[in-house]
Amino acid sequence: MTSSTVPRHCVATVDALTADGGIVHLRSVDPDDAPELAALYRCSAAEGLRMRFFATPSDSTLDDEINRLCRPPTNEHQAIAAELAGHIVGVASYEPYDGRRAEFAIFIDDAQRGRGIGTLLLEHLADTARRCGITHLVGEVLPGNTAMLHVARDLTAGSRATLHDGLFDVAVPTGDDDAQQAIADRERHAERASLRPLLRPAAVAVIGAGRQAGGTGHETLCALREYGFTGRLYAVNPHTDTIGGVPAYPSLTALPGPVDLAVIAVPAPSVVPVLADAAAAGARAAVILSAGFGESDGLGRARQAELVRLARDHGIRLVGPNCLGVLNTDRDVRLNASFAPMVPPSGGLAVASQSGAVGIAVIEHAARTGCGLSAFVSLGNKADVSGNDLLAYWFDDPATTAVALYLESFGNPRKFGRLVRALSRRKPVLAVKSGRSIAGKRAGASHTAAAAVPDVTVDALFAQTGVVRAVTLGDLLDAARLLTDQPLPAGDRLAVVGNAGGLNILAADAAEAGHLRVPALSAGLRQLLTAVAPGAAGHDNPLDLGAGAAPRVFADAVSALSASGEADALLLVLVATRANDVTATLAALAPIVDAHPELTIAAVVIGSPDTPPTLGRRRVPVFDLPERAVRALRHAARYAAWRREPLGGWPALPDLDPDTARACVAEGLAAGGGWQPHERTARILTAYGIPLAPAEIAPDADAAVAAARRLGYPVALKCADPELVHKSDTGGVRLGLADADQVRAAFAGVTAAGRPGHGALVQPMLSDGVELSCGIVHDPLFGSLVMAGLGGVHTDLLNDRVFRLVPLTDLDAGRMWRELRGAPLLTGFRGSVPVDTAAVEDLLLRVSRLAEDLPEVSELDLNPVLAGPAGVVAVDAKLRLQLTTGEPDPILRDLRRP
């Protein structure tokens, strides 16, 4: 839902990917488009026109259609144009006819059909229609117009086509949740097509490759040649015929054939003209190594914007500028278009990094530890290609088994959340997020907003989407070694076996602190271990085999533990001494770990200078400290637990009246927004079925006494000024007033805490139940977060809160209260009566739906919420409204435009 203050008929200007990976520009039609539209129709074949107009249209019919399309957009008329290279190649429109339904029409240039442009237009048209209150787009289609029937059918599973009087009556719902999944599937297909020239090019040209070693262009060209790029490789330099054994040409236009990827390493002022030449040479992707763009100054930012506009006009995907380059280790490609000083081994980890220095650290670590990479992309300034694009590409990449991200910012975190949640169900996604979240930079006055401390938004995003969040880069790389090649743990039981009791204990302590269990072994397993390792110092978990344990003893003990079924993960700890043979022990262990490929295993070797980075053919990672290995195992176990959990669903919530709530929001925004009076807040909350304690506003002491008499003593008296946030700290609250005299005596002091003229709120005293808090804080990039926590006067002191981004599933709501440290208070702590936790979850779901439908609710603070065996009720409620404009859409296909 867009802001009520923004004309609902506004259509965003966007760039979007076609099914074949091209780029099309979508925007509203305006009156100046009449000549372009005339050319679109009058240059089309007769059959295409017949499918649109059901007969060969006359000139006057076409003129009427063009005039209709060129009318200014309103809620009653929409027309969207698709442009390629400045020319309109498609148009879609609708006209409402009964308030909730609208007739739609789409027309595509003959030469552009089959590229998915019609589907893109219909996606954006349906979204605009939904925001304008249209529930269905309907139209008549000739039976022979199979392309249009497919477009409507593919948009969502809810589309219907019924044959009637020789025509198909087509109906497309605009608010169908199934459409989101269909759009996501199409987006991934388009992203993969658009990034194929970047990561799997058949021909690469390096522009700016100097003859002398040391330059960025020269070193990147040599890296491509030395790594063995399997396609055609060219250098562009007007001063020589060859560079490093690679043929050189004076310009891109002089190349003997087209190129897919242009790697540009020229000074910043020359990049735009070079990219124009690359477009003429057929390039579909470019890596801009050059600096001096958005990271520098105003001139650099202007250059970057011009660069992106040029790339979009010619259907080119850009990586950078100011980046390290890209890498694909696939043996069929062998692309090293970077100036990193080393090359990692081939493997399953795909890496995207905004920082080139972090990228070099990742590549160096991978080369040192044997953690193989499938791909590496240095994003640089992220002028075009972002982490979201790469998540979509790697979703179906068979060479990629895990993804690691180093993030400094989010372009569209809502889309990131949608993409990464789907990807995490298939492959582990690991991330290090530096800096502070945007949401954390703003601390509002309410408990809910003040709780949005730095990183809480990112934590909520990662928790809901299954992202393995690492605290440090080293933590991420350790976890990646385990998650890329090893099976996921089936549970949280860790067995530790080693030849050093002290390190075993440190490993066990780290496991317990990291929510892994180190359970005692069964009597039968202890008996077996006694037989195979009689010299061990005890035969339980952790198992200390002794410093001089022979290789065979170590191997037999590990074999017994691996086959026992009593551990979900196994940690091997081996310390070199003068009394043992580390090399022989590792050799004895290798076939044992290979014989149990289903078991998660990590190893620690200390004191041996020639320790291999992995163990066995299955490449069990070998660490240098037990704490590092245990942290990696903890990440794997938590991710595996998230994978095992169902996502949950979006339950139907009865008794919702969003139209009334939207009218209240529009009324509040028209009055200036900000903190809302109690009456309007109550109407909005009641429209979503959120239970509120009875209350009356009293303008004077006499009215307060009358209200108290109606509500019943004892009562609470609260200052009704909505701008007064912490009422209890300023004398704005009096509780337990037992008669009229006490109400009269308290009225002046309570109202004096706020601005004059706002009066007081009178409520009956409610005290039974556990005090909770619940609320919303809205972030313009991330969207709205729902907060649940302990409440009352100790809210800030206890700081027991959990956040989730909307929308919440039914299972999300249950997980929220269970994650609170005070959760036992809700389930019968020390003999108390359990509260109705189903009512708590219902409250969270209703607050989530309100936040989803009404992003203009920038803050909502329900505190306290009394939860008891008979349900929940919010005793105090504060709500703030703020305009929302230009916020990123998590669903629609939309490339960021400068």
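What you are looking at is a predicted structure, and each value in this text was computed from that prediction instead of being measured.

What counts and how
Residues numbered from 1 in each chain as written. Predicted model: local features only at pLDDT ≥ 70, side-chain atom pairs only at ≥ 80, totals over all residues. Heavy atoms only, no water. Helix = DSSP H or I, 4+ residues; strand = E, 2+ residues; numbered from the N terminus. Buried < 20%, exposed > 50% of the residue type's maximum accessible area, 1.4 Å probe, protein only. Lys, Arg positive; Asp, Glu negative; His and termini not counted. Salt bridge = Lys/Arg side-chain N within 4 Å of Asp/Glu carboxyl O. Contact = heavy atoms within 4.5 Å. Pairing = 2+ DSSP bridges. Axes fitted to C-alpha atoms, helices over the stretch in contact; angles between N-to-C directions. Phe/Tyr/Trp six-rings, centres within 6.5 Å; stacked < 30°, edge-to-face > 60°. Expected span 1.5 Å × (residues − 1). Parallel < 35°, antiparallel > 145°, perpendicular 65-115°, else oblique. Left-handed = near helix turned anticlockwise from the far one by under 90°. Nonpolar A, V, L, I, M, F, W, Y, C, P; charged D, E, K, R; others polar. Right-handed = clockwise from strand over helix to strand, strands pointing away. pLDDT = per-residue confidence, 0-100.

Let's shift gears to the side chain of Glu841. Residue position: Glu841 is located in helix H27 (residues 837-853). Within the buried set, Glu841 has no salt-bridge partner at all; the shortest N-O distance to an opposite charge, 4.1 Å, is to Arg818. The contact partners of Glu841, leaving out residues within four places of it in the chain, are Asp810, Ala813, Gly814, Trp817 and Arg818.

In spatial order, the strands read E24-E23-E25-E26-E28-E27; together these six strands make up an open sheet with mixed pairing. Across the chains shown, the open sheet's two edge strands, defined by having one partner strand only, are strand E24 (543-544) and strand E27 (614-615). Its contacts with the sheet place helix H16 (residues 501-513) against strand E23 (494-498), E24, strand E25 (569-575) and strand E26 (600-606), and it is angled at close to 165 degrees to E23. Sitting on the sheet, helix H18 (residues 551-564) is in contact with E23, E24 and E25, with an inclination near 170 degrees to E25.

On to the packing of aromatic side chains. Taken as a whole and judged by the stated rule, the model has five aromatic pairs. Aromatic pair Phe416 and Phe462: ring centres 6.2 Å apart, planes at 50 degrees, arrangement tilted. Of the two residues, Phe416 sits in helix H12 (residues 413-424) while Phe462 sits in helix H14 (residues 456-465), which places them 46 residues apart along the sequence. No difference in accessibility class separates Phe416 from Phe462, as the two residues are buried. Among the aromatic side chains, those forming a connected cluster through ring pairs are Tyr41, Phe53 and Phe107.

Note that an α-helix has 3.6 residues per turn; residues three or four places apart therefore point the same way. Here H16 contains 13 residues, and its C-alpha end-to-end distance of 18 Å stays within 8% of the 18 Å for a straight helix at 1.5 Å per residue. Looking at the buried side of H16, the elements it contacts are E23, E24, E25, E26 and helix H20 (626-644). His515 occupies a position one or two residues after H16 and carries a positive phi of about 65 degrees.

On to the side chain of Asp127, then. Structurally, the position occupied by Asp127 is in helix H4 (residues 117-131). For Asp127, a relative accessible area of 11% gives the class buried. Residues contacting Asp127, with those up to four places away along its chain left out, are Asp889 and Leu892.

This part takes up the pairing of strand E2 (residues 23-28). Taking burial as the measure, the six residues of E2 include six buried ones, the bulk of the element. Across four bridges, the pairing between strand E1 (residues 14-17) and E2 is antiparallel. Note that in E2 the partner of Asp15 across the bridge is His25. Counted along the chain from E1 to the antiparallel partner E2, the turn is five residues long, and its residue Gly21 has a positive phi close to 90 degrees. Bridging between E2 and strand E3 (residues 78-84) involves four bridges; their strand directions are antiparallel.

It is worth spelling out the packing of helix H1 (residues 34-42) against helix H3 (residues 59-69) at this point. Packing of H1 against H3 leaves a shortest axis separation of 10 Å and a crossing angle of 135 degrees. Classed by the angle they form, the pair H1 and H3 counts as oblique. Of the two elements, H1 crosses H3, and the hand of that crossing is right-handed. The segment H1 lies against H3, with Ala34, Leu37, Ala38, Tyr41 and Arg42 engaging Asp59, Leu62, Asp63, Glu65, Ile66 and Leu69. Classifying every residue of the contact of H1 with H3 gives seven nonpolar, no polar and four charged.

What follows is about the pairing of strand E21 (residues 429-433). By the criterion of burial, E21 is predominantly enclosed, with five of the five residues buried. Residues of E21 alternate between two faces, with Val429, Ala431 and Lys433 on one and Leu430 and Val432 on the opposite face, all of them buried. With five bridges connecting them, strand E20 (residues 402-407) and E21 associate as parallel partners. Residue Tyr406 lies in a different strand from E21, and its bridge partner there is Val432. Chirality of the crossover, the property in question, places the unit of E20, H12 and E21 among those that are right-handed. Relative to strand E22 (residues 468-469), E21 runs parallel, the two being bridged by two bridges. Its bridge partner lying in E22, Leu430 is registered against Val468.

A word on the confidence of the model for the chain. Segments scoring low in pLDDT should not have their predicted coordinates read at a detailed level. Here the chain shows a mean pLDDT of 91. Residues at 70 or above account for 96%. Every residue in residues 1-9 scores below 50 in pLDDT, and together they form 30 contacts with partners more than four places removed in sequence or on other chains. Overall, residues 449-454 carries pLDDT values under 50, and its contacts beyond four positions in sequence, including any with other chains, amount to 17 contacts.

Two elements in contact, H16 and H20, have axes separated by 9 Å at closest approach and are oriented at 30 degrees. Relative to H20, the crossing made by H16 is right-handed. Contact residues: Leu503, Leu506, Ala507, Ala510 and Ala511 in H16; Pro626, Glu627 and Val630 in H20. Classifying every residue of the contact of H16 with H20 gives seven nonpolar, no polar and one charged.

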